[in-house]
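Here is what each chain is made of, one letter per residue.
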Amino acid sequence: MSKHLYLCSHCRIKILGAQKALFVDQSTNRPFCSENCILEFHAPYMESFEQEELARKEKIGVSPNEGLEEYYQHHDLFQNVLYAPDEVWFEKNPIGEEYYTHIKKIKKDGEVFFYMVICSYFDNEPSFVFFKSITKSEQLADFYRTKVQKGVDEPVKVSDSKTSEKKSLDNLTQSLETPNQNQSMEGIAEKIEEEVQIPQEALEDLELKKSEYLASLLESRKDEDIAFEEFTKYDEFLPLTLEDPDEVYTREDDAGDETRTYIKSFQAFGSAFFYVVVCLKVELKEIEDHEALLPVIGFPSMDKKLYGNYAVGELVSNMIKN
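Residues numbered from 1 in each chain as written. Predicted model: local features only at pLDDT ≥ 70, side-chain atom pairs only at ≥ 80, totals over all residues. Heavy atoms only, no water.

Caption draft 1: Summary view of the confidence of the model for the chain. On average, the chain scores 80 in pLDDT, and the residues at 70 or more come to 78%. Predicted confidence in the chain is weakest over helix α4 (residues 164-173), with a mean pLDDT of 36, and strongest over helix α3 (residues 138-143), with 94. Under a pLDDT of 50 for its full length, residues 153-183 has, in the predicted model, 72 contacts with residues more than four places off or in other chains. This model gives residues 318-322 a pLDDT under 50, and the stretch forms 27 contacts once residues within four places in sequence are excluded. (pLDDT = per-residue confidence, 0-100. Helix = DSSP H or I, 4+ residues; strand = E, 2+ residues; numbered from the N terminus. Contact = heavy atoms within 4.5 Å.)

Written out as C-alpha cells, the structure is:
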C-alpha cells in the first residue's frame, strides 16, 4: 500500500518494511536504509560542527591541537560522556531538529579537560554523534553551553527497549557488566558460561568452530602481518570492538550456522590496524525468544585483503556513533 511506502531519506530507495528502517533522530524520524546513508546524509552537519569549532578556537586564541588527541582513543571516556555527563544542554532549531550537548569535566593522568559531545537522541538515549571535542579551555566549553540545560538524569535514559545491535551485545554478555578492557576472548566466554546455561552440544560446536576458524586464519594471513605471539598485547581491543564496532556483518557459514562478525579500526602501538571478532549465535531453549552470541575467534590485523575475507554477509547496524 502507498500509505506504507518507506523511502530512505538519503538515497530515496524503497525500504522493505518499517522494521527494516534505521532511525537516529527522534525529533525528525527520518528513515534510512543503511549505515552508509546515515553517515553520508549527516556528513555536512558533522563538517559544519568541525568548522565551527576551528573558527571559535581561532577567535578565543586556543590552539587547534591542544595535545589531547590520545584521549579520543579512550572508549571508556567516550561512554562516560554519553551516559554519565556532568551537564546536558538541549536546543531545538526553528525547523524542529533537536540537539543535545553533553559536557563532562575530566581529570586524568594529571590533565584537567572538558569532553564535549553533540548528538541526536532516539528512544530517549544518545544515538548519532555529530561532533566531539576535548579541550582544556573552559571558555570553549562555555561556547557549547547554550539554550536549555536539562537535569543530568532526565535525558540520558538508557531505554529498556534497545536497538537491534545493542540487544545483540546484551545477549552476548547476557546482562553482564560491560567487559573491561583487559578481558580476553577466553575470559568473556568463561563469564558467559558461568551466567548462562549453554547447551552442551553448542559448546562442542563452539570448540569445533574455533579450530576451523583458526585453521582458516592460519591459511589466509600473511607472514608480515601482526605475529600470533603478539596477539595477547591486543586483548584490550576485543571488548572495545564488541561494545562499539565500526561494522557488523551477519551471515551463515559453510556449516549453515549463523555468525556475527564485529570489526573496528584502531590506531595504537605506532600503527593502524583493525580488530575482528567472530561470534556464533546459539538459541537458548530454556529462555523463550532468547539467544547468546559466543565468541569464536578474535584477532588484530593490518592486512586489508584479510579484512575483506571477514567483511562479508549482510551489514547490520545499531546506534550510529561516528
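Caption draft 2: Highlighting the packing of aromatic side chains. Scanning the model with the defined rule gives 25 aromatic pairs in all. Where Phe49 meets Phe130, the ring centres are 5.9 Å apart and the plane angle is 50 degrees; that geometry is what we call tilted. Here the residue Phe49 occupies a position in helix α1 (residues 35-60), and Phe130 occupies one in strand β6 (residues 125-135), the gap between them amounting to 81 residues. Here the two residues Phe49 and Phe130 agree in accessibility, since each one is buried. Ring plane angle 65 degrees and centroid distance 5.1 Å describe the contact between Phe299 and Tyr310, whose orientation is recorded as edge-to-face. Within this pair, whereas Phe299 is found in strand β11 (residues 291-301), its partner Tyr310 is found in helix α8 (residues 304-310), the two being separated by 11 residues in sequence. What makes Phe299 buried here is its relative accessible area of 1%. Given a relative accessible area of 8%, Tyr310 falls into the buried group. Seen from the ring of Phe228, Arg221 lies directly overhead, with NZ or CZ sitting 4.5 Å from the centre. The ring of Phe269 has Lys233 sitting right over it, with the charged end atom 4.6 Å from the ring centre. (Phe/Tyr/Trp six-rings, centres within 6.5 Å; stacked < 30°, edge-to-face > 60°. Buried < 20%, exposed > 50% of the residue type's maximum accessible area, 1.4 Å probe, protein only. Lys NZ or Arg CZ within 6 Å of the ring centre and 35° of its normal.)

Caption draft 3: Representation of the pairing of strand β9 (residues 258-268) within the structure. Within β9, eight of the 11 residues are buried, which leaves the element mostly enclosed by the surrounding structure. Turn length for the strand β8 (residues 247-252)-β9 hairpin, with the two strands adjacent in sequence and antiparallel, is five residues, and the turn residue Gly256 shows positive phi of about 85 degrees. Inspection of the sheet shows β9 paired to strand β10 (residues 271-283) by 10 bridges, in the antiparallel sense. Within β10, the residue paired with Thr259 across the bridge is Leu280. Between the end of β9 and the start of β10, which pair antiparallel, lie two residues, with Phe269 showing a positive phi angle near 55 degrees. (Pairing = 2+ DSSP bridges.)

Caption draft 4: Representation of the pattern of salt bridges in the model. Under the criterion given, the structure shown has 16 salt bridges. One salt bridge in this structure joins Glu138 and Arg145, with 3.9 Å as the shortest N-O distance. You can call Glu138 partly exposed: its relative accessible area is 42%. Residues Lys209 and Asp257 are paired through a salt bridge, measuring 2.9 Å at the closest nitrogen-oxygen approach. Here the residue Lys209 occupies a position in helix α6 (residues 200-220), and Asp257 occupies one in the loop between β8 and β9, the gap between them amounting to 48 residues. Exposure remark for Asp257: the relative accessible area of 28% places this residue in the partly exposed category. In this structure, a network of salt bridges that share partners links the residues Glu87, Glu138, Asp142 and Arg145. (Salt bridge = Lys/Arg side-chain N within 4 Å of Asp/Glu carboxyl O.)

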